[in-house]
Amino acid sequence: MNRFVFAKGPAAWLVLSLMLFLGPQVAAQSLAPVDVGALVNGFQDDFDGPSLDPNWMVSGASVFTVGNGFLHVTSANGDPNHLLYGLPGYDTTVQEVLARIRIDSFGSGDGVRGGVAVGVDPASSQGINYHFRNSDSEGQSGNHMAFLDDFRAWGPGQNFSWQAGTWYWLRLRQEPNASSQGGINDVLAKIWPADGSVPEPVTWQLTWDYVPGQSTRTGLAGITASSSGGLLEFDVDYVLIKAAGLPGIVVAPHSSSQIPVAIVSQPESATVNELAPVSFHAGVTGNPPPTLQWFQNDTALPGATAATLTLDATPLSAQDATFQLIAANTVSNLLRHATSSIVTLKVIADLQ
């Protein structure tokens, strides 16, 4: 929190103030996953500890290790294989998984597949999966994505030419007869680059109506390893599982995930008595941690470099002054910025 009386700012922030005039072509949009900074019922893990969280459980082959801030998944024998989040009491049907994944090595053949999963029965290790694939059984050729209902059916495939050594966000949701899908689709998924180059797609890219043709899968959510028969190694540096019954958390991906700056809550205009204090606050996310600068009437305010701006004694001359926060960080060697909404200060004169 910064406390000061109104003053003109240094020219050092001119480059940021100029961004205000560059227009929509450089105006920041939130390139982080849409739920970053939100309060949800869920569990998240950045795998920074020396071992797995005790609520993780292996169903199938034990090919999951933790080190250097990653969950490393190696080739497995048997089919299928999952690492499931086993905290008791969360919804076993309506679930969503967000994970940041990088393929290290990928062989060929039907058994080479891995990704994220929902509704997995831990006893049988069978559930619904969203897989990296390169086998052509879904009608796609080369690297692509696909749904799999373990031991029951391959679902539809998705044309997405993923590359080894590249980080991707994967999001998978099971919601039988989802209202957002007109009560039709039951499984929804999307994938996009995790380097901050594009925002999360607004709509689901791949959907599947598997109920009532098949019974609804219920169980736990987590990560899917390969099946027997081929080479697959990949890393996960962040996973979020959302479901009713899980504790309330604020979504905050792992520090190694580069996330462009975004304004997640806007400041509000204020009315204050003359010489009384007043504060403005903006919610900001991003990694690396963004630099922040508040502006009054387009002039940088010295020392105003926190999310909350506090003015100790508001002069009458501040009547109708405008305030705005500019935040910036560098992701994938590109300077990103986000600007808050402009708010106005009203000052009630002290006539005594």
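Residues numbered from 1 in each chain as written. Predicted model: local features only at pLDDT ≥ 70, side-chain atom pairs only at ≥ 80, totals over all residues. Heavy atoms only, no water.

(A) How the structure looks around the sheet that holds strand E3 (residues 56–59). With antiparallel pairing, 7 strands are arranged side by side in an open sheet as E3-E6-E15-E8-E9-E10-E11. Edge positions in the sheet fall to E3 and strand E11 (153–158), since each of these pairs with one other strand and no more. On average, adjacent strands in this sheet sit at an angle of 25° to one another, irrespective of strand direction. Two elements, strand E9 (residues 126–133) and strand E10 (residues 144–149), share 6 bridges in a ladder whose sense is antiparallel. Within E10, the position partnered with His-131 by the bridge is Ala-146. (Pairing = 2+ DSSP bridges. Helix = DSSP H or I, 4+ residues; strand = E, 2+ residues; numbered from the N terminus. Axes fitted to C-alpha atoms, helices over the stretch in contact; angles between N-to-C directions.)

(B) Focus on the packing of aromatic side chains. In the structure shown here, the tally under the stated rule is 16 aromatic pairs. With 5.5 Å between their ring centres and 40° between their planes, Trp-208 and Tyr-210 make a pair best called tilted. Judged by relative accessible area, which is 12%, Trp-208 ranks as buried. One aromatic cluster is present, built from ring pairs that chain together Phe-43, Phe-47, Trp-56, Tyr-85 and Tyr-90. When the ring centre of Phe-70 is taken as origin, the NZ or CZ atom of Arg-102, which lies over that ring, is 5.3 Å away. Here the guanidinium or amino end of Lys-190 rests over the ring plane of Trp-204, the centre of that ring lying 4.7 Å away. (Phe/Tyr/Trp six-rings, centres within 6.5 Å; stacked < 30°, edge-to-face > 60°. Buried < 20%, exposed > 50% of the residue type's maximum accessible area, 1.4 Å probe, protein only. Lys NZ or Arg CZ within 6 Å of the ring centre and 35° of its normal.)

(C) View of unusual backbone geometry. Across the junction of Asp-79 and Pro-80, the peptide omega takes the value -5°, indicating a cis bond. Checked against the element boundaries, Pro-80 lands in the loop between strand E5 (70–73) and strand E6 (82–85). Residue Pro-212 follows Val-211 across a cis peptide bond; omega there is 15°. For Phe-47, which is not glycine, the phi dihedral falls at a positive 60°. Within the fold, Phe-47 resides in the loop between strand E2 (39–45) and E3. Positive phi outside glycine occurs at Asn-297, with the angle close to 50°. With a relative accessible area of 37%, Asn-297 lands in the partly exposed category.

(D) Up close: the side chain of Asp-186. Inspection of the secondary structure puts Asp-186 in the loop between strand E12 (167–174) and strand E13 (187–193). It is Arg-152 that comes nearest to the buried, bridge-free Asp-186 among opposite-charge side chains, at 9.2 Å. (Lys, Arg positive; Asp, Glu negative; His and termini not counted. Salt bridge = Lys/Arg side-chain N within 4 Å of Asp/Glu carboxyl O.)

(E) The arrangement of the nonpolar core in detail. Val-116, Tyr-130, Phe-132, Leu-170 and Ile-223 are the most contacted members of the largest nonpolar core, which totals 51 residues. Aside from chain neighbours lying at most four places away, what touches Leu-170 is Val-97, Leu-98, Ala-99, Ile-101, Gly-115, Val-116, Tyr-130, Phe-132, Met-145, Lys-190 and Ile-191. If you look at the next biggest cluster of nonpolar residues, it comprises 22 residues, including Ala-270, Trp-294, Leu-301 and Val-343. (Core = buried A, V, L, I, M, F, W, Y, C linked by side-chain atoms within 4.5 Å. Contact = heavy atoms within 4.5 Å.)

(F) Summary view of the pattern of salt bridges. This structure, assessed with the given rule, holds 17 salt bridges. As a salt-bridge pair, Glu-96 and Arg-173 come within 3.0 Å of each other at their nearest N and O atoms. One end of the pair, Glu-96, is in strand E7 (residues 95–106); the other, Arg-173, is in strand E12, and 77 residues separate them in sequence. The pair Glu-96 / Arg-173 is uniform in exposure class, with both members buried. Across the salt bridge formed by Arg-100 and Asp-237, the nearest N and O atoms sit 2.7 Å from each other. Taken together, the residues Arg-100 in strand E7 and Asp-237 in strand E16 (residues 232–242) connect sequence positions 137 residues apart. Each of the salt bridges in this network shares a partner with another, and the network as a whole consists of Asp-35, Glu-96, Arg-171, Arg-173, Glu-175, Lys-190, Glu-200 and Lys-242.

(G) Representation of the environment of Gln-205 within the structure. Locating Gln-205 in the fold gives a position in the loop between E13 and strand E14 (206–208). For Gln-205, a relative accessible area of 34% gives the class partly exposed. In this view, Gln-205 contacts Tyr-130, Gln-158, Ala-189, Lys-190 and Ile-191; residues no more than four positions away in its chain are not counted. One polar contact links Gln-205 to Gln-158, side chain to side chain, over a distance of 2.9 Å. (Polar contact = N/O pair within 3.5 Å; in protein donor to acceptor, adjacent residues only side chain to side chain.)

(H) Molecular detail of the pairing of E2. In this sheet, strand E17 (residues 248–250) lies alongside E2 in antiparallel orientation, the contact comprising 3 bridges. Considered in E17, the bridge of Val-40 is made with Ile-249. In the sheet, E2 pairs with E16 via 4 bridges, with the strands oriented antiparallel. Looking at the pairing, Gly-42 lines up with Lys-242 of E16.

(I) Structural view of the environment of Asn-68. The topology assignment puts Asn-68 in the loop between strand E4 (64–67) and E5. Residue Asn-68 is classed as exposed on the basis of its relative accessible area of 78%. Linking Asn-68 and Asp-237, residues 169 residues apart in sequence, is a C-alpha distance of 9.4 Å.

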